[in-house]
Amino acid sequence: MAGLVDVSLVHVETLPGGTTRFHLLELAREFAGNRLRAEGEEDACRRQHAVFFARLAETLNTVGFKADTRADMLAHELANARAALEWAQEQRQAEVGLRLAGFTRLWDIRGGRREARHWLATMLALDAQARAEHAPSAPDLLRVERLYGYARTLLNSGDLEQAEAVAQEAIALAQQIDDRGALTESYATLGMVAQARGDLEQVASAFTTSVEYASQDMRSEGRYRALFRLGELARNRSDFTQAHTKMEDAMAGAQAAGNAWDCAVTMTMLAHLERQQHDNIRARSRYLESLKQFHAFGSSAFFAWCLERYSALLGGEGRHAPAARLCAAAAILREQANAPLPAPERAAFEETVNRAREALGAAQFTAEWSMGSSFTQAMAIAEAVKFG
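For every chain, the first residue of the written sequence is number 1, and numbering continues from 1 onward in sequence order. A pLDDT threshold of at least 70 governs which residues receive local features in this predicted model, and a stricter bar of 80 or more applies before side-chain atom pairs are shown or counted, although totals over entire chains, interfaces and linings include all residues. Values shown for side chains rest on all heavy atoms present in the structure; no hydrogens or waters enter the calculation.

Engineer: How would you sum up the overall build of the protein chain? Please name residues and give values.
Structural biologist: The helix and strand labels rest on DSSP assignments: H or I over at least four residues marks a helix, E over at least two residues marks a strand, and numbering proceeds from the N terminus. Counting its regular elements, the protein chain contains 21 helices and 2 strands. The size measure is the radius of gyration over C-alpha atoms, and the globule rule it meets is 2.2 Å times the number of residues to the 0.38 power. The C-alpha atoms of the protein chain give 23 Å as radius of gyration, which agrees with the globular expectation for 388 residues (21 Å, within 12%). For the protein chain, the spread of C-alpha atoms along the three principal axes comes to 70 × 55 × 35 Å. Approximately 17900 Å² of the protein chain is accessible, and the part contributed by carbon and sulfur atoms is 52%. Charged-residue counts in this description rest on Lys and Arg as positive and Asp and Glu as negative, His and the chain ends being excluded. Charged groups are reduced to one reference atom each: NZ for lysine, CZ for arginine, CG for aspartic acid, CD for glutamic acid. Seen as two clouds, the 43 positive and the 50 negative side-chain charges of the protein chain have centres 2 Å apart. What sets the accessible areas is the Shrake-Rupley method with a 1.4 Å probe; for residues, cover comes only from the shown protein chains.

Engineer: Which residues make up the packing of helix 5 (residues 78-91) against helix 8 (residues 113-132), and what values go with them?
Structural biologist: Where helix 5 contacts helix 8, the axes come no closer than 11 Å and their chain directions differ by 30°. With respect to their mutual orientation, helix 5 and helix 8 come out roughly parallel. Two packed elements cross with a definite hand, and for helix 5 against helix 8 that hand is left-handed. Packed against helix 5, whose contacting residues are Arg82, Leu85, Glu86, Ala88 and Gln89, the element helix 8 presents Glu115, Trp119, Thr122, Met123 and Leu126 at the interface. Geometry is summarised by axes, namely lines fitted to C-alpha atoms with helices restricted to the contacting stretch, and by angles between N-to-C directions that run from 0 to 180 degrees. Note on angle classes: values under 35 degrees are labelled roughly parallel, values over 145 roughly antiparallel, values of 65 to 115 roughly perpendicular, and the remainder oblique. Here a crossing is taken to be left-handed if its near helix is turned anticlockwise relative to the far helix by less than a right angle, and right-handed if that turn runs clockwise. Throughout, a contact is declared for two residues whenever any of their heavy atoms are within 4.5 Å.

Engineer: Describe the packing of helix 17 (residues 300-316) against helix 18 (residues 320-337), with residues and values.
Structural biologist: Packing of helix 17 against helix 18 brings their axes to within 8 Å, and their N-to-C directions diverge by 160°. As far as their axial angle goes, helix 18 and helix 17 are roughly antiparallel. Taken as a pair, helix 17 and helix 18 cross one another with a handedness that is left-handed. Side by side, helix 17 and helix 18 meet where Ser300, Ala301, Phe303, Ala304, Trp305, Leu307, Glu308, Tyr310, Ser311, Leu314 and Gly315 of the first sit next to His320, Pro322, Ala323, Leu326, Cys327, Ala329, Ala330, Leu333, Arg334 and Ala337 of the second. Side-chain classes follow a simple rule in which Ala, Val, Leu, Ile, Met, Phe, Trp, Tyr, Cys and Pro form the nonpolar group, Asp, Glu, Lys and Arg form the charged group, and the remainder, Gly included, forms the polar group. In terms of residue class, the contact of helix 17 with helix 18 is made up of 15 nonpolar, 4 polar and 2 charged.

Engineer: Talk me through the nonpolar core; I want residue IDs and the actual numbers.
Structural biologist: Remark: nonpolar core denotes a set of buried residues (Ala, Val, Leu, Ile, Met, Phe, Trp, Tyr, Cys) joined through side-chain atoms within 4.5 Å. The rule is simple: take the accessible area with a 1.4 Å probe, protein chains only, and divide by the maximum for that residue type; under 20% is buried, over 50% is exposed, in between is partly exposed. Within the largest apolar cluster, 97 residues are counted, with the highest numbers of intra-cluster contacts made by Leu100 and Phe103. Those residues in contact with Phe103 that lie beyond four places of it in its chain are Phe53, Leu56, Ala57, Leu60, Leu74, Glu77, Leu78 and Ala81. Among the nonpolar cores identified, the runner-up in size contains 9 residues, and Ala321, Ala324, Leu341 and Ala356 belong to it.

Engineer: Give a detailed account of the confidence of the model for the protein chain, specifying residues and quantitative values.
Structural biologist: Confidence scores here are pLDDT values: one per residue, from the predictor, ranging 0 to 100. A residue-level look at the protein chain finds 95% of positions with pLDDT of 70 or above and a mean pLDDT of 90. Summarising per-element confidence for the protein chain, the mean pLDDT is lowest in helix 4 (residues 68-75) (62) and highest in helix 10 (residues 160-177) (97).

Engineer: I'd like a description of the environment of Thr153, backed by residues and values.
Structural biologist: By the element assignment, Thr153 lies in helix 9 (residues 140-156). Considering only alpha carbons, one finds Thr153 and Arg117, 36 residues apart in sequence, at a separation of 6.6 Å. In this structure Thr153 touches Asp108, Arg113, Ala116, Arg117 and Leu120, once residues within four positions along its chain are discounted.

Engineer: Give a detailed account of a nonpolar patch on the surface, specifying residues and quantitative values.
Structural biologist: A contiguous nonpolar patch, built from Met1, Leu4, Val7, Leu9, Val12 and Phe22 and spanning about 540 Å² of accessible area, is present on the exposed surface. Tracing the backbone shows Phe22 in strand 2 (residues 20-24). The patches reported here contain residues having more than 30% relative accessible area and no salt bridge. Joining distances are 9 Å for like charges and 5 Å for nonpolar side chains (Val, Leu, Ile, Met, Phe, Trp, Tyr). Salt bridges are defined as contacts in which a side-chain nitrogen from Lys or Arg sits within 4 Å of a carboxyl oxygen from Asp or Glu.

Engineer: Describe the packing of aromatic side chains, naming the residues involved and giving the relevant values.
Structural biologist: For any pair of aromatic rings, geometry is given as the distance between the ring centres together with the angle between the planes. Put simply, two rings from Phe, Tyr or Trp (the six-membered ring, in Trp's case) pair if the centres are within 6.5 Å, and we call them stacked under 30 degrees between planes, edge-to-face over 60, tilted for the rest. Scanning the entire structure with this criterion turns up 10 aromatic pairs. Ring geometry for Trp261 versus Phe294: centroids 5.4 Å apart, planes at 70°, classification edge-to-face. Here Trp261 is found in helix 15 (residues 260-276), whereas its partner Phe294 is found in helix 16 (residues 280-297), with 33 residues between them in sequence. Each member of the pair, Trp261 as well as Phe294, carries the same accessibility label: buried.

Engineer: Outline the state of the cysteines, listing residues and values.
Structural biologist: Disulfides are defined in this document as cysteine sulfur pairs within 2.5 Å. Within the structure shown, the criterion is met by 0 disulfides. Free cysteine: Cys327, not disulfide-bonded; nearest cysteine sulfur from Cys306 at 13 Å.

Engineer: Give me the lowdown on the side chain of Thr266, citing residues and values where you can.
Structural biologist: Within the secondary structure, Thr266 sits in helix 15. A polar contact of 2.8 Å, which involves the side chain of Thr266, links it to the backbone oxygen of Asp262. Aside from chain neighbours lying at most four places away, what touches Thr266 is Phe228, Met247, Ala250 and Met251. Between N or O atoms, a polar contact is any pair within 3.5 Å; within protein, one atom must be a potential hydrogen donor and the other a potential acceptor, and residues adjacent in sequence are included only when both atoms are from side chains.

Engineer: Let's hear about the pattern of salt bridges: which residues, and what values?
Structural biologist: By the definition in use, this model includes 31 salt bridges. Across the pair Asp43 and Arg47 runs a salt bridge whose closest N-O atoms are separated by 4.0 Å. Of this pair, Asp43 and Arg47 both sit in helix 3 (residues 42-58), 4 residues apart, roughly one helical turn. The exposure class assigned to Arg47 is partly exposed, which follows from its relative accessible area of 35%.

Engineer: Kindly report on helix 21 (residues 377-385), identifying the contributing residues and their values.
Structural biologist: Taken residue by residue, helix 21 has Gln377, Ala380, Ile381, Glu383 and Ala384 as its buried positions. One side of helix 21 holds all its buried residues, which, seen down the axis, span an arc of 160°. Packed against the buried residues of helix 21 are helix 16, helix 17 and helix 18. Arc definition: directions from the helix axis to the C-beta atoms.

Engineer: Run through unusual backbone geometry, naming residues and quoting values.
Structural biologist: Comment: phi is negative for the bulk of residues other than glycine, and the bulk of peptide bonds are trans. A positive phi angle, near 65°, is found at Ser238, a position not held by glycine. Looking at the secondary structure, you find Ser238 in the loop between helix 13 (220-236) and helix 14 (240-257).

Engineer: I'd like a rundown of the environment of Leu142, residues and numbers included.
Structural biologist: Among the secondary structure elements, Leu142 is positioned in helix 9. Its relative accessible area of 12% is what places Leu142 among the buried residues. Excluding residues that lie within four positions of it along the chain, Leu142 makes contacts with Glu95, Leu98 and Arg99.

The structure is reproduced here in structure tokens:
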């Protein structure tokens, strides 16, 4: 390898954190590919490549989101994941394909929602066809996990009808195999869809069922996520004190598990609850920390979600100019991530925007909105910190 680097046939890249990556120059890649085909070894190498990245995809649910640096490192493998998924599709390798589809979670949170939807739909369909033909297919538990993951991606894209149908399919298969963890997550997904639709009765039913199954699941993540859902249920019932208690307990569980992603999500919900309880000092601190975490993960959609709520806090304090700028930044980020604002959150966002427009006047509001539309995530954080 050192020799190839010395003669400039391989390019070396050092990433933040000290990780080293090697890239073949295109001419060398083409030559190597031709030699592989000539020797009849291409398929074996592509299979090894796909199996390696299928194993790596499994780490996304174990250590991948316990530290944002790990998620950032795995994000550099998305091109490899794409190539492996293409091979699995060409060769009709249903199990390897569904395992590789674990990378779609990373695509989803980092703004590649269209690609996440494409690969989940493709591999689930490939597995369904294999099952229908009695050909080798993925294990039932893996299929359930990909089904509720696909439902959540559809939910985040605003396709609620299809998201509900896929969540129901996940529940049916989870019941068939009688897996408590799968039932916990599948019912939780159905509750999330109901929440987006504003169906509070179904939210209560789905989240309650999810928590019941979680209480039978000894995994720590199942327990603290159940507390999070109990907090969501209390919030839907406007019991903000109970919601805050449950979210605090969930936060402690996420911190103990070392799951940085769940910490960021739970911290944002806690900030929202504290703002509703008029504790802006604590809410402000949590929002700013969550923004930094979502930025570290490279998640445009969740960054926008947090930014919208922080903007509402600023607007409530009469800081309408920065609220307008940050709302504009959030709107652009959602557009780039193909993550439309969920219907239940639209009214609150529009209220913040309309109050800013009324307070500032049309000309200044337009100027502030235009400025915010040009913000990067780093610029939005810098703007938010000014008022922290």
